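A look at the structure
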Amino acid sequence: MDVKIEAGWKEVLQAEFSKPYFQQIVFFLKTEKTQGKIIYPPGSLIFNAFEKTPFEKVKAVMLGQDPYHGPGQAHGLCFSVPDGIPPPPSLINIYKELNTDTGMPMPNTGNLTKWALQGVLLLNAVLTVRANEPASHSKIGWMDFTDAVIKKISSQKTGIVFLLWGKFAQDKQVLIDETKHYVLKAAHPSPFSADKGFFGCRHFSKANEILMKQGIEPIDWTL
């Protein structure tokens, strides 16, 4: 199957695109569209995280769960919204922690593309969602695909910093070879859990310390 995705990722993930589960995803999405269902993000942005962060440039992986399901919010980068869309509550809490950790002033935008362009793979475990129906595409096969993405990063790269926030993300820890990579864990930044260990985790400065110890350019988290 010819999937439109950044060339480096296409090479690494080629075997996945011909597997039955991936063909099932494509069939499911086409069926939903013919039924008039609205799907987020738009088709051209489903693989936006991979376009903005080519395989060879990945330094860190931030793992989200499901795309935003409101109009105009999802653009293929976890936790991120396009310019002009108000930052959702979890993202506001991420900004609060960034401010405490690094002194970064509260941004005027919810768009995290700048992080992606510096090597932070902003990966949702599920890459599409039906409008106004959270987790509606969580069982169509995307998890198989994104688990394969994590495994490929783990096996083919070294020294990547994985930011695993909340139980859902931390369940992916088993896919990561921790003899080669670094895992930072904390509570999810959601308003329901941020005060249970996300606030104060200092993951942004810790990630940069890990990168710099390896001689890798740190992330400029300012937006």
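Higher on the page you've got the structure.
All values reported here derive from a predicted model rather than from experimental measurement. Starting afresh in each chain, residues are numbered from 1 along the sequence in its written order. With the structure being a predicted model, the display of local features is reserved for residues of pLDDT at least 70 and the display and counting of side-chain atom pairs for 80 or more, all residues being used for whole-chain, interface and lining totals. Hydrogens and waters are ignored; side-chain quantities use all the structure's heavy atoms.

The next thing to look at is the packing of helix 1 (residues 7–17) against helix 6 (residues 142–156). At a closest axis distance of 11 Å, the pairing of helix 1 and helix 6 adopts a crossing angle of 130 degrees. One element, helix 1, and the other, helix 6, form an angle in the oblique class. Considering the relative orientation of helix 1 and helix 6, their crossing is right-handed. When helix 1 is examined against helix 6, the residues Trp9, Val12, Leu13, Glu16 and Phe17 are found in contact with a partner set consisting of Phe145, Ala148, Val149, Lys152, Ile153 and Gln156. Gly counts as polar in this scheme, as do all residues outside two lists: the nonpolar Ala, Val, Leu, Ile, Met, Phe, Trp, Tyr, Cys and Pro, and the charged Asp, Glu, Lys and Arg. Per-class residue counts for the contact of helix 1 with helix 6 are eight nonpolar, one polar and two charged. To define axes, lines are fitted to C-alpha atoms, for helices over the stretch in contact only, and angles between the resulting N-to-C directions are given on a 0 to 180 degree scale. The numbering of helices and of strands both runs from the N terminus, where a helix is a DSSP run of H or I of at least 4 residues and a strand a run of E of at least 2. Reported orientations rely on four angle classes, namely roughly parallel under 35 degrees, roughly antiparallel over 145, roughly perpendicular from 65 to 115, and oblique for the rest. Helix crossings are classified by the rotation of the near helix relative to the far one: an anticlockwise turn of less than a right angle makes the crossing left-handed, while a clockwise turn makes it right-handed. Residue contacts follow a heavy-atom distance rule, with two residues in contact if any of their heavy atoms lie within 4.5 Å.

Salt-bridge detection follows one rule: a side-chain nitrogen of Lys or Arg within 4 Å of a carboxyl oxygen of Asp or Glu. Per the counting criterion, the structure on display carries eight salt bridges. A salt bridge links Glu16 to Lys19; the nearest nitrogen and oxygen atoms lie 3.0 Å apart. Exposure remark for Glu16: the relative accessible area of 8% places this residue in the buried category. Exposure is judged per residue with a 1.4 Å probe applied to protein chains only, and the accessible area is read against the type maximum: over 50% gives exposed, under 20% gives buried, and values in between give partly exposed. When its relative accessible area of 35% is taken as the criterion, Lys19 is described as partly exposed. A salt bridge links Asp171 to Lys167, with the nearest nitrogen and oxygen atoms 3.0 Å apart. Ionic contacts of the salt-bridge type, sharing partners, join the residues Glu32, Arg130 and Glu133 into one network.

At least two DSSP bridges between two strands are needed for those strands to be called paired. Reading across the sheet, the four strands line up as 3-2-5-6 and stay open at both edges, with parallel pairing between neighbours. Here the strands that pair on one side only, and so sit at the sheet edges, are strand 3 (120–124) and strand 6 (182–186). Direction aside, the axes of adjacent strands within the sheet are offset by 20 degrees on average. With three bridges connecting them, strand 2 (residues 60–64) and strand 5 (residues 161–165) associate as parallel partners. Opposite Met62, over in strand 5, you have Leu163 as the bridge partner.

What follows covers the nonpolar core. Think of a nonpolar core as a cluster: buried Ala, Val, Leu, Ile, Met, Phe, Trp, Tyr and Cys residues, connected wherever their side-chain atoms sit within 4.5 Å. Judged by nonpolar contacts, the single largest core of 71 residues is most densely connected at Trp9, Phe47, Phe50, Met62, Trp115, Trp142 and Phe145. Setting aside residues no more than four positions away along its own chain, Phe145 makes contact with Leu13, Glu16, Phe17, Tyr21, Phe22, Phe47, Phe50 and Leu127.

Right, let's get into unusual backbone geometry. Here the amide bond leading from Tyr40 into Pro41 is cis, since omega sits at -10 degrees, within 30 degrees of zero. The residue Pro41 is located in the loop between strand 1 (39–40) and helix 3 (48–52) in this model.

What follows concerns helix 2 (residues 20–34). In an α-helix there are 3.6 residues to a turn, and that puts residues three or four apart on one side. With 15 residues, helix 2 extends 21 Å between its outermost C-alpha atoms, agreeing within 8% with the 21 Å of an ideal straight helix rising 1.5 Å per residue. Turning to helix 2, its buried residues are Tyr21, Phe22, Ile25, Leu29 and Glu32. For helix 2, the angular spread of buried residues about the axis comes to 105 degrees, placing them on one side. Within helix 2, the exposed residues directed more than 90 degrees away from the buried face are Pro20, Phe27, Lys30 and Thr34. Residue count minus one, scaled by 1.5 Å, sets the expected span of a helix. Each direction from the helix axis to a C-beta atom contributes to the arc, which is the arc of those directions.

The aromatic pairing rule takes the rings of Phe, Tyr and Trp, using the six-membered ring of Trp, and pairs them if the centres are within 6.5 Å, calling planes under 30 degrees apart stacked, those over 60 edge-to-face and the rest tilted. Tallied over the full model, the rule gives 19 aromatic pairs. Taking 5.0 Å as the distance between ring centres and 75 degrees as the angle between the ring planes, the aromatic pair formed by Trp165 and Phe198 counts as edge-to-face. Taken as a pair, Trp165 in strand 5 and Phe198 in the loop between strand 6 and helix 8 (203–213) lie far apart in primary sequence, 33 residues in all. Neither Trp165 nor Phe198 differs from the other in exposure class; each is buried. Feature note: the residues Trp9, Phe17, Tyr21, Phe22, Phe47, Phe50, Phe55, Trp142 and Phe145 constitute an aromatic cluster, connected by ring pairs.

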